[in-house]
Amino acid sequence: MPADDIEPAAARVARRPSGRATDRADAVHGPNGPDRPSPGGAPALRDRLAETVRDRLADTVRVLLPTPALVGLPQERGAHPGLALRSGTARTRGPAPRARAGTPGSSRPPRGRGLRRLYERARRAWDRPLTAYYLILGSSLLITVLGLVMVYSASMITALEYDLPASYFFRKQFLAAAIGTGLLLFASRMPSRLHRALAYPLLVGAVFLMVLVQIPGIGQSVKGNQNWLSIGGPFQLQPSEFGKLALILWGADLLARKHDKRLLTQWKHMLVPLVPVAFMLLGLIMLGGDMGTSIILTAILFGLLWLAGAPTRLFAGVLGFAALVGFAFIRTSENRMARLECIGAIDLGPQGECWQAVHGIYALASGGWFGSGLGASLEKWGQLPEAHTDFIFAIVGEELGLAGTLSVLALFAALGYAGIRVAGRTEDPFVRYAAGGVTTWIMAQAVVNIGAVLGLLPIAGVPLPLFSYGGSALLPSMFAIGLLIAFAREDPAAKAALAVRRPGVRWKTMRRRITKRPSGER
């Protein structure tokens, strides 16, 4: 139909007062009603029918194309083209409501979902089979490297006091760390059966050296403790440090063999010969007057008994006996009683009995949040005794502040967690006892050292493991870390993860393997 016919028809429809019912009545009966004849006859009826068809067509066009420019009709404000076909109702004017976070139409994640996704990703990474392996390797490496830096910083003034080069103690510690790294790599590549084979020779050698220490003319006394052997030149050896490692390996092998024979349910097999041998080592150490090393050795013994499943009564009995013996040794020594009285001291005392403890607190307090700077300690200038050995943690607090001390604590916590994880997930009893013993050794010694610096425990004279100056303490400690690394590698899941890392295979994640393409391939 031509556009000139549609537009007048639409205009007429807009001017008509009635609706579609009137149109239908006119089409059937005419404008005069049902009883009155149409004045024009058949042509008039034909015109009215054509007009009705045009009106219907105009209504259709109005629905489909309701633009006023096309149909010449006023349009309702707020109406949208094609709305009648989509919903049949008019849409009110106004901005569309924004979709809430987390709904299907939302473009941003809901609150908390990003944190939950991050938590799930961290948990999956934490549960990977090589987590303990990397924690042990990384934390021990960082502790050792940071220890070398702090030994250099804390020992410069002491070396100059003895007319030695400023790097004298650092060079000795670096040499010990290099040898200890070789021991760590050697121990980490040894199988468990070779570790067990070393248990008895190591125990016999440690006992022999500890006996030599007590022979006059052979053993050397350092600051009241006779527990050193001279091995030539400026180098000395402390056999009691190797006695800790020997007790762990020998005790783990002994308990593992009894576990295989189901003998640990009897208290006599659990105690004998483990406890008598441990007491023999404790006696040799106490003959030299080294109370601190005796405390660590006792902690190792308790750790082995606890891992073996000792009953509470038996455990309490051994603990009570050790406490009585320790109290007797403390009461018979004025030096040990003075150290016990300096717990939490803030005054030097009438004769300076608490000099070291109080100046350790001064060093920590003067560090602030981020310390005075590396090498800028004031307490190491003769005020704090043993700044590079037993009280090196105080120098860390003074030069690196609270941030540095918390970092050291976090590294030891990660190392302790990894050791407990290795001991808890293995099915080999020897690995369980040895890993638990090494973890007990490292963590107990760290707690005793740091507790003494903070004034929470008496000064025991034990170094901070892997951190303080002292090659005799560093070598067996790094060998023990190598044991933990070897045990972490022997876990079946970790062994499978390491086995697939062969040449020609590159891993992006723990679950996806990408094979390298040979050169020339597209």
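This one's a predicted model, so the numbers in the text were calculated from it and none came from an experiment.

Reading guide: rules and limits
Residues numbered from 1 in each chain as written. Predicted model: local features only at pLDDT ≥ 70, side-chain atom pairs only at ≥ 80, totals over all residues. Heavy atoms only, no water. Helix = DSSP H or I, 4+ residues; strand = E, 2+ residues; numbered from the N terminus. Pairing = 2+ DSSP bridges. Axes fitted to C-alpha atoms, helices over the stretch in contact; angles between N-to-C directions. Parallel < 35°, antiparallel > 145°, perpendicular 65-115°, else oblique. Contact = heavy atoms within 4.5 Å. Nonpolar A, V, L, I, M, F, W, Y, C, P; charged D, E, K, R; others polar. Patch = residues over 30% accessible without salt bridge, like charges linked within 9 Å, V, L, I, M, F, W, Y side chains within 5 Å. Areas by Shrake-Rupley, 256 points an atom, 1.4 Å probe, with all protein chains shown as cover. Salt bridge = Lys/Arg side-chain N within 4 Å of Asp/Glu carboxyl O. Buried < 20%, exposed > 50% of the residue type's maximum accessible area, 1.4 Å probe, protein only. Phe/Tyr/Trp six-rings, centres within 6.5 Å; stacked < 30°, edge-to-face > 60°.

Hey, could you go over unusual backbone geometry for me, with residue numbers and the actual values?
Here the residue pair Val272 and Pro273 is connected by a cis peptide bond, since its omega of 0° sits within 30 degrees of zero. Relative to the assigned elements, Pro273 resides in the loop between α12 (267–271) and α13 (274–287). Backbone geometry at Leu466 places phi at a positive 70°, although glycine is not the residue there. Note that Leu466 resides in the loop between α19 (429–453) and α20 (471–489).

Residue-level account of the pairing of strand β2 (residues 225–230), with values.
The sheet contact formed by strand β1 (residues 219–222) and β2 spans 4 bridges and is antiparallel. Looking at the pairing, Gln220 lines up with Trp228 of β2. The turn joining β1 and β2, which pair antiparallel and follow one another in sequence, is formed by 2 residues; a positive phi near 55° is taken by Lys223. As paired strands, β2 and strand β3 (residues 236–237) are joined by 2 bridges and run antiparallel to one another. Note on β3: the bridge partner recorded for Leu229 is Leu237. Between β2 and β3, which pair antiparallel in sequence order, lie 5 residues; one of them, Gly232, sits at a positive phi of approximately 110°.

Break down the packing of helix α11 (residues 239–260) against α13 for me, with residues and values.
α13 packs onto α11 with a crossing angle of 175° between their chain directions and a minimal axis gap of 11 Å. With respect to α13, the axis of α11 lies roughly antiparallel. Side by side, α11 and α13 meet where Ser240, Gly243, Leu247, Trp250, Gly251, Leu254 and Leu255 of the first sit next to Leu274, Val277, Ala278, Leu281 and Ile285 of the second. The residue inventory of the contact of α11 with α13, partitioned by class, reads 9 nonpolar, 3 polar and no charged.

So what's going on with the sheet that holds β3? Which residues, and what values?
Within the open sheet, the 3 strands sit side by side as β1-β2-β3. Their pairing is antiparallel. Each having just a single partner strand, β1 and β3 make up the two edges of the open sheet. In the packing of helix α10 (residues 199–213) onto the sheet, the strands contacted are β1, β2 and β3, and the crossing angle to β2 comes to about 110°.

Describe a nonpolar patch on the surface, with residues and values.
A cluster of nonpolar residues, Trp369, Phe370, Leu402, Leu406 and Leu409, forms a patch on the protein surface that exposes about 580 Å² of accessible area. Mapped onto the elements, Trp369 comes out in the loop between α17 (355–367) and α18 (392–425). Trp369 gets classed as exposed once you look at its relative accessible area, which sits at 64%.

So what's going on with the packing of aromatic side chains? Which residues, and what values?
The final tally for this structure, using the stated rule, is 9 aromatic pairs. Here Phe170 and Phe174 contribute two aromatic rings whose centre-to-centre distance is 6.1 Å and whose plane-to-plane angle is 35°, an arrangement assigned as tilted. Placement of the pair is Phe170 and Phe174 together in helix α8 (residues 168–188), with a separation of 4 residues, close to one helical turn. Its relative accessible area of 24% is what places Phe170 among the partly exposed residues. Judged by relative accessible area, which is 47%, Phe174 ranks as partly exposed. Ring geometry for Tyr200 and Trp250: centres 6.5 Å apart, planes at 85°, overall edge-to-face. Of the two residues, Tyr200 is situated in helix α10 and Trp250 in helix α11; the sequence distance between them amounts to 50 residues. Residue classification places Tyr200 among the partly exposed positions, given a relative accessible area of 39%.

Structural measurements only, silent on function.
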